[in-house]
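Structural overview
In case you want the letters, here they are:
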Amino acid sequence: MSEFRLIQVADVHLGAGQSHHLDNWLKILDWIARERPDLVVANGDLVMGDPDNEADHAFARAQMGRLVVPCRYLPGNHDIGDNIIAGNMPKRVDDTRRARFVRHFGEERWAFAAAGWGFVGINAQLLGSNGQSAEAEQWQWLEKALAGFAGLPIALFLHKPLFLDHPSEPDYEDPTLRQSCLDSGSRAQLIGLCQRGGVRLVSAGHKHQTRFFSLDNIYYLWGPSTACVNGPPTALHWGAREVGFIDFRFRHGGTFEHRVVGGDFLFRHESYMRKFAVAKP
Ligand SMILES: [Fe+2]
Ligand SMILES: [Fe+2]
């Protein structure tokens, strides 16, 4: 295989009996059926909002199951709960929620090689778990997975960005900012592994914003949500406030291309309006 074409969809946010966001997903299914990429990576937040809504998990899985090409899944905060140290949602990651995700979507982490690249996906929600045994297992697994691709460029996928402005930034006091990325301890550990292991690209979702930059020989991408943009227009934004998905092409020799697709044919839902209500006098 000379080229491996991978589509990252993120923050699909599908809910049983709810038509918003499904409109975009149906259009993406058609696009993928026409384009026939090699793989889709669903980078977290597959369900609408509540990690414990069994019907939403079943609905999201059924909709993802309509893809005509293979798909690999990763969990987000809305799928299995937020991170223990850096999270903000009342519901946090635990073994029960992880087991529900695995029951519906299969693996919570994976690794494979194609077109001279190593591809690794990890469960971002487990990072900074304050001692959950599943986190220690994942760190060991990740070290082995990266070592198994020795000499190959590696693309790493996970739901949450590693940081907002720079790897050296401290953990934010503001819980909204703090939940936007990994806690500083997990981030340092992960970047250390990435630097030693040959990771060339880190692709995340979660922020519902599109952003690309490179730092210390690693390309960082924040993929847009296929569903909606988040927060009011006055909120802090680091990237483009748009909907879409990423069309990657990985090639032998360690090169890759990417483009954002969908901004011109998906509906740009604004999620904050659904939560917005003016207090009654
Ligand atoms: Fe999301
Ligand atoms: Fe998220």
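Data block above holds the structure.
These remarks concern the structure in this document. Residue positions are given per chain, counting from 1 as you read along its sequence in written order. Chain labels run from A onward and ligand labels from 1 onward, assigned in the order the entries are written. Per-residue local features are limited, in this predicted model, to residues with pLDDT of at least 70; the limit for side-chain atom pairs, both in listing and counting, is 80 or more; totals at the level of whole chains, interfaces and linings are taken over all residues.

Notably, Asp45 is not glycine yet its phi reads approximately 60°, a positive angle. Inspection of the secondary structure puts Asp45 in the loop between β2 (39-43) and α2 (54-64). With a phi close to 70°, Asn217 is a non-glycine residue in the positive phi region. What counts as a helix is a DSSP run of H or I of at least four residues, what counts as a strand is a run of E of at least two, and both are numbered from the N terminus.

Our next topic: helix α1 (residues 22-35). An expected span of 1.5 Å times one less than the residue number is assigned to each helix. For α1, built from 14 residues, the straight-helix expectation of 20 Å at 1.5 Å per residue is met to within 8% by its first-to-last C-alpha distance of 20 Å. In this scheme the burial state of a residue depends on its C-beta neighbours within 10 Å: 20 or more other such atoms mean buried, 12 or fewer mean exposed, and anything in between means partly exposed; the C-beta positions come from the backbone. Along α1, the residues that are buried comprise Asn24, Trp25 and Ile28. Angularly, the buried residues of α1 cover 95° about the axis, an arc narrow enough to put them on a single face. With respect to the buried face of α1, the exposed residues turned more than 90 degrees away are Asp23, Leu26, Asp30, Ala33 and Arg34. In this description, one arc is meant: the one made by directions from the helix axis to the C-beta atoms.

The criterion for strand pairing is that DSSP finds at least two bridges linking the strands in question. If you trace the six strands from one edge of the open sheet to the other, you get β4-β5-β6-β7-β9-β8, paired in mixed fashion. Of all strands in the sheet, those with a lone pairing partner are β4 (110-114) and β8 (211-215), marking the two edges. Strand after strand, the sheet turns through a mean of 15° between neighbouring axes, direction not considered. Across five bridges, β8 lies against strand β9 (residues 218-222) in antiparallel orientation. Bridge pairing in β9 places Phe212 opposite Leu221. Taken strand by strand, helix α7 (residues 184-197) contacts β6 (154-157), β7 (199-204) and β9, and its axis lies near 140° from that of β7. Fitted lines through C-alpha atoms serve as axes, helices being fitted only where they are in contact, and the angles separating the N-to-C directions of these axes extend from 0 to 180 degrees. Throughout, a pair of residues is in contact if the C-beta atoms placed from their backbones lie within 7 Å.

To form a nonpolar core, buried Ala, Val, Leu, Ile, Met, Phe, Trp, Tyr and Cys residues must be joined through C-beta atoms within 7 Å. Counting 61 residues, the largest nonpolar core has Val9, Val12, Leu14, Ala42, Leu46, Ala155 and Leu156 as its most contacted members. If near-sequence neighbours (up to four positions away) are discounted, Val9 is found in contact with Ile28, Val40, Ala42, Thr226 and Phe245.

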